[in-house]
Amino acid sequence: MTRDPRRELHLNAFIQPAGHHEAAWRHPATTPERIFDADYFHGIARTAEDAAFDAIFFADIPALNGGVEHNATGFLEPITLLASIAAVTSRIGLIATASTTYHDPYNLARLFASVDHLSKGRAGWNIVTTAIGDAAANFGFDAHPDPAERYARATEFLDVVTKLWDGWEDGAVLLDRTRGRYADPDLIHRADHTGPRFRVRGPLTVPRSAQGHPVLVQAGSSNDGRAFAARFAEAIFTAHQRLSDGQAFYADIKNRAAGYGRDAADIAILPGISPFIGDTEEHAHTLEREFNELIVPEYGLRQLEGLTGVRLTESALDEPVPAGLFAGAGDVTDNARSRLQVVAGIVERERPTVRGLLHRLAGARGHRVFTGTAEQVADTIEEWFTHGAADGFNVMPPFYPGGLELFTSRVVPLLRERGLFRSGYTGSTLRDHLGLRRPAGRYAPDVAGTAVGA
């Protein structure tokens, strides 16, 4: 397939504090004692920025993982962390996850707008509805809402947030010292939103940012998640094991987006890849084995139970994965089930033992783990990019900071030699990096009266 020379590969660094392999914190190449240290994350962000990555990205669940006994699963609140990183970087995009189920629209709109200003237009919001029910009790919920309700709330939530972000027209701040007029109140609009789930007056306390408003990112692959992403998202994080699966997802999202009247080029689809990189293929596999030998089976079995609802014992580790363990994988009604479907595909194709499956999942929780040389990693990235499966990748190093340093020092130069990735930044905002237009705002003369939820 001939590559479109106008397309540019996008790379994000998905930051998991010690690394994406669940045993990374036990490996001598990592420093888990620093995962609550701002300077640690500053260094990671600067490594990604020096390589001209589009963005760094933090996932988030507003609840402590029950496996904290065996894994370094504690983490800082990501929007606050982005504000800290904004102060020590100048170009790299800053994306954080925040839940529409467990946040309030006004507060979240204000938080992201503030980070967007502090970073001069580099913020992005990864919109999730939260698939994990453990968060419910932290927010006074008797039960975790079902997927249909969560996505209905998310749609209205996003409508409110974008109304708030658009509340100040671009010319609202006058700074007229002579006449004593700081702003024109006629150009600052209340949201005055009244809907089935929210009543929000507005306006926000801050004007529109250099990039208009934060980039909208989405990470759900369920049926509801795909529909939501095709309608609203400007970048999509996803998980696929095979090229054919990536191509099918890519085509589906782009076609759905066109059905909503959107330009498919305005959505960047970014699968995850977690690379073990070695000087030779044998060295890379040796490195992967080092990490897999450090896993605690009890932790992996708990994670597997969370996916399947079935508790396996350590006595079954060297037996084949039970045939009926993934019987419900075809029902993709929520994001937890979509990840279950990915894992079910691994089991069907590879027929692993339970231990072998735990090793497969330890690397990146169902995202693609690739083990090989820098050239082989670059080859697979190029193949997916040029064969309609990806617009770029969420790079998920199995260990931090060294895994990212290996990728930026060895793989990125190869991608540049092949003309796939930029040699440096050509713009200053996250929208610039992703090739996205600055949204005009709903009160601009040619778009007055439009709304995201319309």
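Along each chain, numbering runs from 1 in the same order as the chain's sequence is written. Since the coordinates come from a predicted model, pLDDT governs what is reported: local features require at least 70, and pairs of side-chain atoms require 80 or more to be given and counted, while whole-chain, interface and lining totals use all residues. To obtain the side-chain values, all non-hydrogen atoms of the structure were included, while hydrogens and water were left out.

A. The arrangement of the overall build of the protein chain in detail. Helix and strand labels come from DSSP, where a helix needs a run of H or I of at least four residues and a strand needs a run of E of at least two; each type is numbered from the N terminus. When its secondary structure is counted, the protein chain shows 13 helices and 13 strands. Here the globule rule reads 2.2 Å times residues to the power 0.38, and the radius of gyration is calculated from C-alpha atoms. Computed over its C-alpha atoms, the radius of gyration of the protein chain comes to 22 Å, within 12% of the 22 Å expected for a compact globule of 454 residues. When its C-alpha atoms are laid out on the principal axes, the protein chain stretches across 75 × 50 × 45 Å. The long-range fraction of contacts in the protein chain, counting pairs at least 24 apart against all pairs at least 6 apart in sequence, stands at 77%. A total accessible area of about 19,000 Å² is found for the protein chain, and carbon and sulfur atoms account for 50% of it. With 46 positive and 57 negative side-chain charges, the protein chain shows a separation of 5 Å between the mean positions of the two kinds. Here, two residues are considered to be in contact whenever any of their heavy atoms come within 4.5 Å of each other. Note on areas: these come from Shrake-Rupley sampling with a 1.4 Å probe, and a residue is covered only by the protein chains present in the view. Charge counting treats Lys and Arg as positive and Asp and Glu as negative, with His and both chain ends excluded. Each charge is placed at NZ for Lys, CZ for Arg, CG for Asp and CD for Glu.

B. Broad picture of a nonpolar patch on the surface. Patches draw on residues past 30% relative accessible area with no salt bridge. Two like charges within 9 Å are joined, as are two nonpolar side chains (Val, Leu, Ile, Met, Phe, Trp, Tyr) within 5 Å. Salt bridges are identified by distance alone: a Lys or Arg side-chain nitrogen within 4 Å of an Asp or Glu carboxyl oxygen. Together, Ile61, Phe75 and Ile132 make up a nonpolar patch on the protein surface, roughly 220 Å² of accessible area in all. Relative to the assigned elements, Ile132 resides in the loop between strand 4 (123-128) and helix 4 (147-165).

C. Up close: the environment of Ile267. Among the secondary structure elements, Ile267 is positioned in the loop between helix 6 (243-259) and strand 11 (268-278). Here's how the labels work: a residue is buried when its accessible area is under 20% of the maximum for its type, exposed when over 50%, partly exposed in between, all with a 1.4 Å probe on protein chains only. Taking relative accessible area as the criterion, Ile267 reaches 1% and is therefore assigned buried. Note: C-alpha distance between Ile267 and Gly195 (72 residues apart in sequence) is 28 Å. The residues touching Ile267, leaving out its near neighbours within four places in the chain, are Ala230, Ala233, Glu234, Ile236, Ile253, Lys254, Ala257, Arg262 and Asp391.

D. Quick look at the side chain of Asp116. Its place among the elements puts Asp116 in helix 3 (residues 105-118). The buried charged residue Asp116 lacks any salt bridge partner; its closest oppositely charged side chain belongs to Arg431, at an N-O distance of 6.7 Å. Ignoring anything within four residues of it in the chain, the contact list for Asp116 reads Gly121, Arg122, Ala123, Ser209, Gln211, His213 and Pro214.

E. Structural detail: helix 2 (residues 78-86). When helix 2 is considered as a whole, its buried residues turn out to be Pro78, Ile79, Leu81, Leu82, Ile85 and Ala86. For helix 2, the angular spread of the buried residues around the axis is 155 degrees, confining them to a single face. Along its buried surface, helix 2 packs onto helix 1 (38-50), strand 2 (55-58), strand 3 (93-99) and helix 3. Relevant arc is that of directions from the helix axis to the C-beta atoms, nothing else.

F. Inspection of the nonpolar core at higher detail. Throughout this description, the term nonpolar core refers to a set of buried Ala, Val, Leu, Ile, Met, Phe, Trp, Tyr and Cys residues connected via side-chain atoms within 4.5 Å. Residues Leu11, Phe53, Ile56, Trp125 and Phe407 are the most contacted members of the largest nonpolar core, which totals 94 residues. In this structure, Trp125 is in contact with Ala96, Ala98, Thr100, Leu108, Phe112, Phe157, Leu158, Val161, Trp165, Val215, Leu216 and Val217, ignoring residues within four places of it in sequence. If you look at the next biggest cluster of nonpolar residues, it comprises 19 residues, including Ile295, Val321, Phe326 and Ala362.

G. Fine view of the pattern of salt bridges. Tallied over the full model, the rule gives 28 salt bridges. Arg181 is the partner of Asp184 in a salt bridge, and the nearest nitrogen-oxygen pair spans 3.8 Å. For Asp184, a relative accessible area of 15% translates into the label buried. With a shortest N-O distance of 3.0 Å, Asp192 and Arg190 are connected by a salt bridge. For Arg190, a relative accessible area of 44% translates into the label partly exposed.

H. Region of interest: the pairing of strand 3. Counting buried positions along strand 3 gives seven out of seven residues, so the element sits mostly inside the fold. Here strand 3 shows no split at all, with Gly93, Ile95, Thr97 and Ser99 on one side and Leu94, Ala96 and Ala98 on the other all buried. For two strands to pair, DSSP has to find at least two bridges joining them. Judged from the four bridges that link them, strand 2 and strand 3 form a sheet pairing that is parallel. Directly across from Phe57, in strand 3, lies its bridge partner Ile95. When the strands point away from the viewer, a crossover counts as right-handed if the path from the first strand over the helix to the second runs clockwise. Regarding topology, helix 2 serves as the crossover connection from strand 2 to the parallel strand 3, and that connection is right-handed.

I. Main features of the packing of aromatic side chains. Only the six-membered ring of Trp is used, alongside the rings of Phe and Tyr, when aromatic pairs are assigned; centres must lie within 6.5 Å, and planes under 30 degrees apart are stacked while those over 60 apart are edge-to-face, with the rest tilted. Throughout the structure, instances matching the rule amount to 17 aromatic pairs. Pairwise contacts between aromatic rings join Phe112, Trp125, Phe157, Trp165 and Phe198 into one cluster.

So, to be careful, I would describe these as geometric facts and stop short of saying anything about function.
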